[in-house]
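Spelled out, the chains give:
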Amino acid sequence: MTEPRFESICDFDLLIPGRGAAALLGDGTQVAVFRLHDDSLYAVSNRDPFMRANVISRGIVGDRGGEPVVTSPLLKQAFSLKSGVCLDDETVALEVFAVEVVDGAVRVGAVSEVKAGA
Amino acid sequence: MSKRLVVIGDGMVGRRFLEAVTQRDPSWDVTVLCEEPRPAYDRVRLSAFFDGVSAEELSLASDLPGVEVRLGEPAVAVDRDAKAVRSESGEYPYDKLVFATGSYAFVPPMEGADLDGVFVYRTIEDLESIKAHAEGRRHGVVIGGGLLGLEAANALKLLGLETQIVEFAPWLMARQLDEAGGGILKQHIEKLGIKVDCGTGGSRIEAVDGRLRMETNRDGVAFDTDLIVFAAGVRPRDQLARDCGIEVGERGGILTDLSCQTSDPDVYAIGEVAAMEGMCYGLVAPGYSMAEVVADRLAGGEATFPGADMSTKLKLLGVDVAQFGAFDGPLATTYLDPVNGTYAKLVLSDDATTLLGGMLVGNAEPYPLLRASVGGKVPGALADLLSGGEVDAALPEGAQVCSCNAVTKGEIMGAIHEGCHDVAELKACTKAGTSCGSCIPMLKQLLTEGGVEVSKAVCEHFAQSRAELFDIVKVTGITTFSELIARYGAGVGCDLCKPTVASILASLSNGHILEGEQAALQDTNDHFLANLQRNGTYSVVPRIPGGEITPEKLIVIGEVAKEFDLYTKITGGQRIDMFGARVEDLPKIWRKLVDAGFESGHAYGKALRTVKSCVGTDWCRYGVQDSVKMAIDLELRYRGLRSPHKLKSAVSGCARECAEARGKDFGVIATEHGWNLYVGGNGGFTPRHADLLLSDVDTETLVRTIDRFLMFYISTADRLQRTSKWVEGLEGGIDYLREVIVDDRLGICAELDALMEKHVENYADEWKGVIDDPEKLQRFVSFVNAPETPDPSIEFETVRGQKFPAGTTARSHAAPVALGIPVTLRSEGK
């Protein structure tokens, strides 16, 4: 099995709890990274699949029935941070990326879990 | 031993079947042979591929347990004696076999149909070839003016080609529409710049000087073009079945009975390839029904095909088209409005009491009601139904509300009585509204009919209304969201409660809205202190109190817009909006504005927007008070005030009311003796004139009353309730409001005054607060790991001398508006 290649994004402390930040990966992919209030981390594609603008990182995070979600700031569809699936239209999903903290630095998997698992 | 199931084809119906069969009977060991290199995708939305929707986004694929999908591996033969399917590379034994091979595009026999530049419209690969060929070319012809042809024409238009539709039938969508309906549709489509020739068939294609020329059945009519797309219908892909001796229908398709079983009891056929009792269905909904039937049969059930509802409702090239029930009948009544481009036809029983069917073009709003009423009583006055007017009708219990999933009104009402209280629950419980979604407005109506009261709870995290939360925050002195939700809510919050609480905290405590934990609560506009636009850029609207501005400041706005290359537009609120600002440029723009004596303004958020004014006594011959100064004073007093919804205001200098103050949440109109105050007006979706609260009062009384009005509203209104609905909702209405805030009947005026005093004292320029704070500035970047890099996906194009988000502006067409219906064929050639 090949390990996904990870890219360092920023210091964990730079992320605001309950808010997202966008990162540009080496291959041009845009990823939205979210730090929740319990300090858990999620990374999904930054591209809003409905309006096709790179804005997901600017959405509000929260939960729907316990599932952690981010809401697109454009037309307010909610996406699961775990699976990327849009809870308002299950035919649509954001790509999900592996994310980890190593020595205080946030690192995002350049290969998505979705792609790696397919 | 597990049972082996082989499915040939992974299209929309095949995929629906896989989902159904794995859900009902997971014991099947399923192999899918798929010719295309990618798993099932939404073929119905194929033209969206040229609208920037990627193949991944069209995909319907999902991981299903026990299912192996073999992509790019078409079945080549079926050995029914050995019960096995062969491909080029393998052999797959089956206990049961399902054909879901769909259709292929029909190309009429025509000389030159195999030339380079001639395509069909069926798969993503077809679209990719069309796209590659269209590169650098100008013109395309679509053969076929039915559903598929119009989709293909949309695709060519999205590729930027001049598009010509050639249809053999005498009008467009001849299978769904009559002549008049087809005529109205043509009128709409020609307005989009697409040319349409009906009654015309291609006779041969030849290559001429690197382009194509198609001659037609009409003398002297030929088309010179760069590419030709056949979209003139489909034929069932039944060859594999024919080869292994399974019976096929007279007009093609694998012959099945109502259980989708073929002449071989171990073999089923579903979707477009199935000729059920001889009839092939070219729509996805009947295919889905077949998928469910076979899944049920394989799980030991006895399901049979419930009959196809061939009703369709589509948006083709932006035009609503719907057809339901019978196409024609004993009695038909029509309505044609060539000015608005709408056409409606209802087919009735000979005594005109029973609705049998009909069609709608241009306005399909009555479709859910009409489709659900087919076979029942005509659901309202004919004139209203035909003209798309308001219809107030109760459906019979047996009427089918969701035809995709065959759900009746009776079943939905039953689910409501058993505890389904919103559309999401109804969808989950009855499956109604889960396919095409056209019945969702009906579901909402039925919820109301079923007596479901709309809860005032803010969201799933807070059972309280906004007004209750406001009281809780005020009384407890809580200053953070996390404390409020821990003590009075549940979960971690969402995009509904977080901004609501942020607004309450801002109304009551006046810290910078991006300070500490509050930053995470704000909607993106409040988080970036600017208006998010569709492409991810923001707009900036400098505050121009009362709409009064010096020439020097006008020049500064112009200079800022030029320096940062912003699109500019005058707003309805007497301001100047600058669009297309990138996140990382926002603080730089504010710095320039602040240095020139501006602040950026609230053109976003639930807050005071602007106070408009007319020029009043200073210049106007009629003015009786200084409306400009009053507007400036009011705007500066209430700027930054966070509220349940946006607040707008205006001041007019005389009764001529040039500032349109009565269309505002609070409007002031000058009189010879002082001021009149009006409250509860708004423009927007449901315009409402404001009601007179006070007349002929002096300035001090006016301002004090507005203070109290605003604070009473902010303290007690629901989330997103504008002042108009709030006043209407007060028991006793405007008279009660006057008793509370003028006569102080509740004894709360001192408190309301104090709240407003605190707001006015603590107001600080929020934008200056960011540019003076390095920590907040840090957030204004496109990328946290590349602060200097702007978002490379944001692109602009120039239209009318200014920049616009790329790919969004409609190309303007200078075509005249056609009046009357073009039902006669034009005889001139191209």
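Given the structure is predicted, the values throughout are model-derived calculations rather than measurements.

Caption draft 1: Local environment of the overall build of chain B. Along the backbone of chain B there are 25 helices and 39 strands. A buried classification covers 52% of the 830 residues belonging to chain B. Partitioning the contacts of chain B with sequence separation of at least 6, the portion at a separation of at least 24 is 60%.

Caption draft 2: Quick look at the sheet that holds strand β9 (residues 118–120) of chain B. All names here are of chain B. One open sheet holds the five strands; their spatial order is β9-β16-β10-β11-β12, and the pairing between them is parallel. Both edges of this open sheet fall to β9 and β12 (195–197), since each of them pairs with a single strand only. Taken pair by pair, the neighbouring strands of this sheet meet at an average axis angle of 20 degrees, ignoring direction. As paired strands, β9 and strand β16 (residues 227–230) are joined by three bridges and run parallel to one another. Residue pairing for β16: Val118 is matched across the bridge by Ile228. Here helix α4 (residues 147–158) sits on the sheet in contact with β10 (139–143), β11 (162–166) and β16, set at roughly 170 degrees to β10.

Caption draft 3: Representation of the interface of chain B and chain A. Between chain B and chain A, the contact holds 40 residues from the first and 33 residues from the second. When chain B packs against chain A, close to 2900 Å² is buried across both sides, 53% of that on carbon and sulfur atoms. On the chain B side of the contact with chain A, B:Asp495, B:Val784 and B:Asn785 bury the most area, a combined 20% of that side's loss. Here chain B is connected to chain A by two salt bridges. With a shortest N-O distance of 3.1 Å, A:Lys76 and B:Asp523 are connected by a salt bridge. The interface formed by chain B and chain A includes 16 residue pairs in polar contact (both at pLDDT 80 or more). Elements with a contribution of two residues or more to the side of chain B that touches chain A: α15 (497–509) and α16 (524–528) of chain B. It is α16(B) that contributes the most residues to the side of chain B that touches chain A, three residues altogether. Looking at side-chain class alone, the side of chain B that touches chain A contains 14 nonpolar, 16 polar and ten charged residues.

Caption draft 4: Local environment of the side chain of B:Ser715. All names here are of chain B. Looking at where Ser715 falls in the secondary structure, it is placed in helix α20 (residues 699–716). We classify Ser715 as buried; its relative accessible area is 6%. Beyond its immediate chain neighbours, meaning those up to four positions away, Ser715 contacts Ala467, Phe470, Asp471, Leu752 and Leu755.

Caption draft 5: How the structure looks around the pairing of strand β14 (residues 211–216) of chain B. Residue and element names in this part refer to chain B. Side-chain alternation along β14 places Leu212, Met214 and Thr216 on a buried face and Arg211, Arg213 and Glu215 on a face that remains uncovered. Hairpin connection between strand β13 (residues 202–208) and β14: a loop of two residues separates the two successive antiparallel strands, and Asp209 in this loop has a positive phi of roughly 50 degrees. As judged from the four bridges shared by β14 and strand β15 (residues 222–225), these two strands associate in the antiparallel manner. Bridge pairing in β15 links Glu215 to Ala222.

Caption draft 6: Region of interest: the pattern of salt bridges. All names here are of chain B. Inspection of the entire model under this criterion finds 59 salt bridges over all chains. For Arg16, the salt bridge goes to Glu292, with nearest N and O atoms at 3.2 Å. Note that Arg16 is positioned in helix α1 (residues 12–24) and Glu292 in helix α7 (residues 284–298), a separation of 276 residues in sequence. As far as burial versus exposure is concerned, Arg16 and Glu292 are alike and both buried. Among the ionic pairs, Lys186 bridges to Glu190, the shortest N-O distance being 3.8 Å. Taken as a pair, Lys186 and Glu190 lie in helix α5 (residues 179–191) at a separation of four residues, close to a single helical turn. Here Lys186 falls in the buried class, since its relative accessible area comes to 11%. Members of the salt-bridge network, linked through shared partners, are Arg16, Arg24, Glu292 and Asp296.

Caption draft 7: Representation of the pairing of strand β2 (residues 28–34) of chain B within the structure. Most of β2(B) sits out of view: six of its seven residues are buried. In the classification by handedness, the crossover that spans strand β1 (residues 3–8) of chain B, the intervening α1(B) and the parallel β2(B) is right-handed.

Caption draft 8: Region of the structure containing the packing of helix α19 (residues 627–638) of chain B against α20(B). Residues and elements named next belong to chain B. Put simply, α19 and α20 touch, their axes get as near as 12 Å, and they point 35 degrees apart. The element α19 and its partner α20 pack so that their crossing is right-handed. The segment α19 lies against α20, with Met630, Leu634, Arg637 and Tyr638 engaging Thr699, Leu702, Val703, Ile706, Asp707 and Leu710.

Caption draft 9: Inspection of unusual backbone geometry at higher detail. At A:Lys76, a residue that is not glycine, the phi angle is positive and equals roughly 70 degrees. Structurally, A:Lys76 can be placed in the loop between β6 (67–71) and β7 (78–80). Phi is positive for B:Ala352, which is not a glycine, with a value near 60 degrees. Tracing the sequence through the fold places B:Ala352 in the loop between β25 (342–348) and β26 (355–361). With relative accessibility at 34%, the residue B:Ala352 sits in the partly exposed group.

Caption draft 10: View of α20(B). With 18 residues, α20(B) extends 26 Å between its outermost C-alpha atoms, agreeing within 8% with the 26 Å of an ideal straight helix rising 1.5 Å per residue. With 13 of 18 residues buried, α20(B) is to be regarded as a mostly interior element.

Caption draft 11: Summary view of the environment of B:Arg688. All names here are of chain B. Mapped onto the fold, Arg688 is located in the loop between β36 (674–679) and β37 (691–697). Taking the C-alpha atoms as reference points, Arg688 and Asp665, 23 residues apart in sequence, are found 9.7 Å from one another. Apart from residues no more than four positions distant in its own chain, Arg688 is found in contact with Arg662, Gly663, Val679, Gly680, Gly681, Asn682, Ser724 and Glu728. Here the side chain of Arg688 touches Glu728 through a polar contact of 2.7 Å, side chain to side chain.

Cut-offs used in this document
Residues numbered from 1 in each chain as written. Chains lettered and ligands numbered in written order. Predicted model: local features only at pLDDT ≥ 70, side-chain atom pairs only at ≥ 80, totals over all residues. Heavy atoms only, no water. Helix = DSSP H or I, 4+ residues; strand = E, 2+ residues; numbered from the N terminus. Buried < 20%, exposed > 50% of the residue type's maximum accessible area, 1.4 Å probe, protein only. Contact = heavy atoms within 4.5 Å. Pairing = 2+ DSSP bridges. Axes fitted to C-alpha atoms, helices over the stretch in contact; angles between N-to-C directions. Buried area = accessible area lost by both parts, 1.4 Å probe. Salt bridge = Lys/Arg side-chain N within 4 Å of Asp/Glu carboxyl O. Polar contact = N/O pair within 3.5 Å; in protein donor to acceptor, adjacent residues only side chain to side chain. Nonpolar A, V, L, I, M, F, W, Y, C, P; charged D, E, K, R; others polar. Right-handed = clockwise from strand over helix to strand, strands pointing away. Left-handed = near helix turned anticlockwise from the far one by under 90°. Expected span 1.5 Å × (residues − 1).

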